[in-house]
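A look at the structure
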Amino acid sequence: MRRVYLDHSATTPVDLEVATLMMTYYTEKYGNPSSVHSFGREAKQALEEARNQVAELIGATPQEVIFTSGGTEADNLAILGTAESMRKKGNHIITSAIEHHAVLETCEYLAKNGFELTVIPVDEEGLISVEDIRKAIRPETILMSVMHANNEVGSIQPIAEIGKLAKEHGITFHVDAVQSLGKLPIDVNEMNVDLLTVSGHKIYGPKGVGALYVRKGVRVSALVHGGGQEKKRRSGTENTPGIIGFGKACQLAGQRMAEDAMNETKLRDKLINGILQRIDYVKVNGPSGEKRLPNNVNVSIRFVEGESLLLSLDMLGIAASSGSACTSGSLDPSHVLLAMGLVHEIAHGSLRFSLGRQNTEEEIDYVLEQLPKIVERLRMMSPLYDQVIHAKQA
Ligand SMILES: *Cc1c(COP(=O)(O)O)cnc(C)c1O
């Protein structure tokens, strides 16, 4: 059966060059980077090379990069680590309504444990207003956490403006850049970011590895204690193959960024326009043009369930994702779409396609050929759609 992967915001395949390099560090250069012998030294050297590669992609110095087990841990380290180290200064945290669960749940955990939390709303395109953040700042605000680009609707936030605000007020600024890394230029200095989360498996690197950028001088308490690796901020023997693969993936992402973005933007617009032309009662979620990630398509198709769409697409080999948190067993609509003001019923019929390096125009044509047929079939079973059609005819 034909298979078309359009779920790159969930994860990406590991680049062959990355996987090949990693293999060496599993089977040949397997030393512990803390060991003093030659095996340890060669692992250590490669580890530091990877640190350079990650740092370079975000405009940081290598000393400011702490490797973690992924984006989730980096988000936790940023938020919990700041909360602990800054507690004497204040207990107020600002975040946005459309953050990844790794940020939102961590902030909510703190809110249950003596911290005050302000959650900034978004507009109907999924964009945050800098003015809203300015108004939320209090003397006791210690941390602001705002994502660079949203994983569901692709909205790109005004990070540099928010960073300026944070700097003016002496507030630590954390940015989850998991979705924007390798897709948009990132410069932690130009953007005035203090803490930045990145992850390997969203950029053609391995799963289970990520990093937190920590600006020199910014204090973050450790969550994991032990052997003192990563300058005591993240103990545990380093995942050398993973980290080295992540470094390589960063290098490749930097080299390919402009080309990838150009190709994906083209496919994105082809898919969006094609859906709008072929299917009625469709709403595009998220911003248009420059304020949208090059690889994100998110649409609400009325009178159908997102889950039914996904299953039907999957039977044709097309992998997409829906806004519902179906993984948790519930069918709650996405908190992101609800925050953008979508009513439950419309949020339920939403579908995300996230494009990647290997996708082709031909694959988009295949989706555009199949999706309208699926929608028509599902709508035939919808009593609501039936009513609308009859109302129109009457
Ligand atoms: C995937 C993702 C994460 C989590 O990263 P993991 O490496 O999977 O733990 C965090 N934030 C955003 C925006 C993501 O898309």
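Anything mentioned here points back to the structure above.
One numbering rule holds for all chains: residues counted from 1, following each sequence as written. This being a predicted model, a pLDDT of at least 70 is required before a residue's local features are given, and a value of 80 or more before pairs of side-chain atoms are given or counted; all residues contribute to the totals for chains, interfaces and linings. Computation of side-chain values: all heavy atoms of the structure, hydrogens and water removed.

So, the overall build of the protein chain
Operational definition: Where helices and strands are cited, they refer to DSSP runs of H or I of at least four residues and of E of at least two residues respectively, numbered from the N terminus. Under the scheme applied here, a residue whose accessible area is under 20% of the maximum for its type counts as buried, over 50% as exposed, and between as partly exposed, the area being computed with a 1.4 Å probe on protein chains only. Note on areas: Shrake-Rupley with a 1.4 Å probe; residue coverage comes only from the protein chains shown. When charges are counted, neither His nor the chain ends are considered; positive counts come from Lys and Arg and negative counts from Asp and Glu. Note on charges: their place is set at NZ of Lys, CZ of Arg, CG of Asp or CD of Glu.
Along its length, the protein chain carries twelve helices and 13 strands. Expressed as lengths along the three principal axes of its C-alpha atoms, the size of the protein chain is roughly 80 × 55 × 35 Å. Looking at the protein chain residue by residue over its 394 residues, the buried ones come to 58%. Approximately 17300 Å² of the protein chain is accessible, and the part contributed by carbon and sulfur atoms is 53%. Between the averaged position of the 41 positive side-chain charges in the protein chain and that of its 49 negative side-chain charges there is a distance of 4 Å.

What about unusual backbone geometry?
For Tyr 204, which is not a glycine, the phi torsion comes out positive at approximately 70°. Examined against the element boundaries, Tyr 204 turns out to sit in the loop between β7 (195-199) and β8 (210-214). Classification of Tyr 204 as buried rests on a relative accessible area of 9%.

Side note on the site of the ligand
The test is simple: Distances are taken per atom, and a residue is near a molecule or strand as soon as one of its heavy atoms is within 4 Å of it. Counting of polar contacts relies on pairs of N or O atoms within 3.5 Å, with two restrictions inside protein: one atom must be capable of donating a hydrogen and the other of accepting it, and residues adjacent in sequence are counted only when both atoms are side-chain atoms. The residue classification treats Ala, Val, Leu, Ile, Met, Phe, Trp, Tyr, Cys and Pro as nonpolar and Asp, Glu, Lys and Arg as charged. All others, Gly included, are polar.
Contacts to the ligand come from 13 residues, most closely from Thr 72, Asp 176, Gln 179, Ser 199 and Lys 202. At 2.8 Å from an oxygen atom of the ligand is found a main-chain nitrogen or oxygen belonging to Gly 71. Here Thr 72 contributes a side-chain N or O atom positioned 2.6 Å from an oxygen atom of the ligand. Notes on the ligand: free accessible area 390 Å², of which the protein chains cover 88%. With three residues, the top contributor of residues to the shell around the ligand is helix α3 (residues 71-86). For the shell around the ligand, the per-class residue count stands at two nonpolar, eight polar and three charged.

What to know about the packing of helix α1 (residues 16-27) against helix α7 (residues 240-278)
The condition is simple: Only C-alpha atoms enter the line fits that serve as axes; for helices the fit covers just the stretch in contact. Angles between N-to-C directions range over 0 to 180 degrees. By definition in this entry, angles of less than 35 degrees are roughly parallel, angles greater than 145 are roughly antiparallel, angles of 65 to 115 are roughly perpendicular, and the rest are oblique. If you view the pair so one helix is near and one far, a crossing is left-handed when the near helix is turned anticlockwise from the far one by less than a right angle, and right-handed when it is turned clockwise. For this analysis, residues touch if any pair of their heavy atoms sits within 4.5 Å.
Contact geometry of α1 with α7 gives a least axis separation of 8 Å together with a crossing angle of 155°. One finds that α1 runs roughly antiparallel with respect to α7. Where α1 crosses over α7, the two elements pack in a sense that is right-handed. Together, Glu 17, Val 18, Leu 21, Met 22, Tyr 25 and Tyr 26 of α1 and Pro 241, Gly 242, Ile 244, Gly 245, Lys 248, Ala 249 and Leu 252 of α7 make up the contact between the two elements. Its residues placed into classes, the contact of α1 with α7 shows nine nonpolar, two polar and two charged.

Some thoughts on the packing of α3 against helix α4 (residues 101-111)
Contact pair α3 / α4: the axes reach a minimum separation of 9 Å and the direction vectors enclose 30°. One finds that α3 runs roughly parallel with respect to α4. With respect to the hand of their crossing, α3 and α4 are arranged in right-handed fashion. Facing Thr 72, Asp 75, Asn 76, Ile 79, Leu 80 and Ala 83 of α3, the residues of α4 in contact are Ala 102, Val 103, Thr 106, Cys 107, Tyr 109 and Leu 110. Partitioned by chemical class, the residues of the contact of α3 with α4 number eight nonpolar, three polar and one charged.

Things to note about the sheet that holds strand β6 (residues 172-176)
Rule in force here: Between any two strands, at least two bridges found by DSSP are needed for them to pair.
Strands sit in the order β2-β8-β7-β6-β5-β3-β4 across an open sheet of seven strands; the sheet is mixed. Of all strands in the sheet, those with a lone pairing partner are β2 (65-68) and β4 (116-120), marking the two edges. Strand-to-strand, the axes of this sheet are offset by a mean angle of 20°, without reference to chain direction. Along the sheet, α4 makes contact with β3 (92-96), β4, β5 (141-145) and β6, crossing β3 at roughly 155°. In this fold helix α6 (residues 159-169) packs onto β5 and β6, with an angle of close to 160° to the strand it touches most, β6.

Here we look at the pairing of β3
Two faces, one strand: in a regular strand the side chains alternate between the faces of the sheet. Put simply, the rule is: For crossovers, right-handed means that the path from the first strand over the helix to the second runs clockwise, given strands pointing away from the viewer.
β3 sits mainly inside the fold: five of its five residues count as buried. Neither face of β3 is open: one carries His 92, Ile 94 and Ser 96, the other Ile 93 and Thr 95, and all of them are buried. Note that β3 and β4 share five bridges and pair parallel. Paired with Ile 93 across the strands is Leu 117, a residue of β4. Read from β3 through α4 to β4, the crossover connection turns out right-handed. Two strands pair when backbone bridges link them, and β3 and β5 are joined in this way by four bridges, in the parallel orientation. By the bridge assignment, Ile 94 is partnered in β5 with Met 144.

What to know about the pattern of salt bridges
Applicable threshold: Here, a salt bridge means any side-chain nitrogen of Lys or Arg that lies within 4 Å of a carboxyl oxygen of Asp or Glu.
Tallying each qualifying case throughout the model produces 20 salt bridges. In this structure, Glu 17 engages Lys 248 in a salt bridge whose closest nitrogen and oxygen atoms are separated by 3.5 Å. Separated by 231 residues along the polypeptide, Glu 17 in helix α1 and Lys 248 in helix α7 bring together distant segments of the chain. With relative accessibility at 41%, the residue Glu 17 sits in the partly exposed group. Looking at Lys 248, the relative accessible area reads 17%, which means it is buried. The salt bridge involving Glu 48 is made with Arg 51; its shortest N-O contact spans 2.8 Å. Of the two residues, Glu 48 and Arg 51 both sit in helix α2 (residues 38-58), three residues apart, roughly one turn of that helix. You can call Glu 48 partly exposed: its relative accessible area is 26%.

Bear in mind that shape data such as this cannot, by itself, settle questions of function.
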